Amino acid sequence: MNIRFLETMIWLSELKNFRATAERMNLTPAAISNRIAVMEQELGIRLFERDVREVRLTQEGLLFVEGARDIVARYGSLLTAVRPAATVEDTVRIGLVPSMAFTLLAGIMELLRSKFPHIRVAITTDTSGPLAERLERRELDVVLGLPGPRREQYRVLDLCTFGMFWIAHGGLAISEQALGRDDLLSHPIISYEIGMYNHGRLVQYLSESGFERSLVHYSNSLATTVCMITAGIGISVLPPIVIQNELRSGALRVLNVRPAFPPTSYCAYYLESPSSRLAPLIASIAREVATQFCSLYDDALVCQQGNAVGLGPLA
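Right, let's walk through the structure included here.

Criteria and thresholds
Residues numbered from 1 in each chain as written. Predicted model: local features only at pLDDT ≥ 70, side-chain atom pairs only at ≥ 80, totals over all residues. Heavy atoms only, no water. Core = buried A, V, L, I, M, F, W, Y, C linked by side-chain atoms within 4.5 Å. Buried < 20%, exposed > 50% of the residue type's maximum accessible area, 1.4 Å probe, protein only. Helix = DSSP H or I, 4+ residues; strand = E, 2+ residues; numbered from the N terminus. Axes fitted to C-alpha atoms, helices over the stretch in contact; angles between N-to-C directions. Parallel < 35°, antiparallel > 145°, perpendicular 65-115°, else oblique. Left-handed = near helix turned anticlockwise from the far one by under 90°. Contact = heavy atoms within 4.5 Å. Nonpolar A, V, L, I, M, F, W, Y, C, P; charged D, E, K, R; others polar. Polar contact = N/O pair within 3.5 Å; in protein donor to acceptor, adjacent residues only side chain to side chain. Pairing = 2+ DSSP bridges. Phe/Tyr/Trp six-rings, centres within 6.5 Å; stacked < 30°, edge-to-face > 60°. Lys NZ or Arg CZ within 6 Å of the ring centre and 35° of its normal.

1. Digging into the nonpolar core
- With 75 residues, the main nonpolar core has Met100, Cys160 and Trp166 as its most contacted residues.
- At 9 residues, helix α13 (residues 279–294) tops the list of elements feeding residues into this core.
- Membership of the second largest hydrophobic core comes to 19 residues, among which are Leu6, Leu15, Ile32 and Met39.

So, in structure tokens, the structure goes:
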């Protein structure tokens, strides 16, 4: 029995399937089954109950896997303490919402490359819901985005807060004076996809009745939404920090709207029992990069978590 065997035990207890565990550990299902059998024989107890669909921990297995987690975590901490950063070789799977990919990803990759040159990165970009689901299935190691209502089951590092403003085509004939909600409803609106965090906030901001009587288009892609606004299809709420080039060129413009749309806060999060020893490292690097990124812009655009109260209109 060794660390790899204990890691196999932990993965099988979480994924509850020999094939899924084998894929995660780059082994065959037979190799996974053999490791568990060797452990059960050595311990003299049954760790798992097996049926045609999944495996489940026995009562003895529940006790043993908790001890195994502690041993593996301590081993990981020991490796981190004694191994030079430049020699660390592994792959980390990072999930990002598009706004994080547009703003923080380049800085994260640059810092990671300078400190840990042999770490490989697999990037997945999606909306928060699918990313959280993939994290819980252990298909991702860490997510940069919105943890949603189940925040308590994650280790969370707050990153930054982006100001959210109504954005229109640069040539849209619309008053420079302050606009209200009713003024917005006279234009087609490009909404976030139903079920997304900012879609719910958009419905709340405009009121459900107002949202229902307006012409609403939907997009689950930040890039697509920007293209739709640029084409004059409608107006939308976006963080201006991700469209700086379009704003400078005049292709897009920020509308003067009262009351202001509330800002959106982002964080790095991973499971309490991370699927990779690199997950806490990536979260820490993301926070370092976010701090530096925030220092480059006015607080109305982006600021560190906790400093977002009372964001005013964009100058």
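2. Considerations on the packing of helix α6 (residues 105–115) against α13
- At a minimum axis separation of 9 Å, α6 and α13 run at an interaxial angle of 120 degrees. Classified by the angle between their axes, α6 and α13 sit oblique to one another. Crossing handedness for the pair α6 and α13: right-handed. On α13, the residues touching Gly107, Ile108, Leu111, Leu112 and Lys115 of α6 are Ile282, Ile285, Ala286, Glu288 and Val289.
- Here the contact of α6 with α13 is built from residues that sort into 7 nonpolar, 1 polar and 2 charged.

3. What about the packing of helix α1 (residues 3–15) against helix α4 (residues 59–82)?
- For the pair α1 and α4, interaxial distance at closest approach is 9 Å and the crossing angle is 125 degrees. Taken together, α1 and α4 sit at an angle that is classed as oblique. Here α1 runs over α4; the crossing is left-handed. When α1 is examined against α4, the residues Ile3, Leu6, Glu7, Met9, Ile10, Ser13 and Glu14 are found in contact with a partner set consisting of Gly61, Phe64, Val65, Ala68, Arg69, Ile71, Val72 and Tyr75.
- Here the contact of α1 with α4 is built from residues that sort into 10 nonpolar, 2 polar and 3 charged.

4. A look at the side chain of Thr161
- Its place among the elements puts Thr161 in strand β6 (residues 154–162).
- In terms of polar contacts, Thr161 uses its side chain to reach the side chain of Ser265, at 2.9 Å.

5. Some thoughts on the sheet that holds strand β7 (residues 165–169)
- A sheet is described by the order of its strands in space; here 3 strands give the open sequence β10-β7-β11, paired in antiparallel fashion. At either end of the open sheet lies a strand with only one pairing partner, and these are β10 (236–238) and β11 (252–254). Shown here is a sheet whose adjacent strand axes are inclined to one another by a mean of 45 degrees, direction ignored.
- In this structure, β7 lies alongside β11, joined through 3 bridges in antiparallel fashion.

6. Focus: the packing of aromatic side chains
- The tally for this structure, following the rule as stated, stands at 5 aromatic pairs.
- Between Phe162 and Tyr266 the ring centres are 5.0 Å apart and the planes differ by 55 degrees, which places this aromatic pair in the tilted class. Remark: Tyr266 occurs in strand β12 (residues 264–271) and Phe162 occurs in strand β6; sequence separation between them is 104 residues. Neither Phe162 nor Tyr266 differs from the other in exposure class; each is buried.
- Arranged with centres 6.0 Å apart and planes meeting at 40 degrees, the rings of Trp166 and Tyr205 form a pair that is tilted. Taken together, the residues span a long stretch of sequence, with Trp166 in strand β7 and Tyr205 in helix α9 (residues 197–206) at a distance of 39 residues. For the pair Trp166 and Tyr205, one class covers both residues: buried.
- An aromatic cluster is defined as three or more aromatic residues linked by ring pairs; in this entry it consists of Trp166, Tyr205 and Phe261.
- The positively charged end of Arg181 is found above the aromatic ring belonging to Tyr205, 4.7 Å away from the centroid.

Honestly, that's just the spatial picture; any functional story needs more than this.
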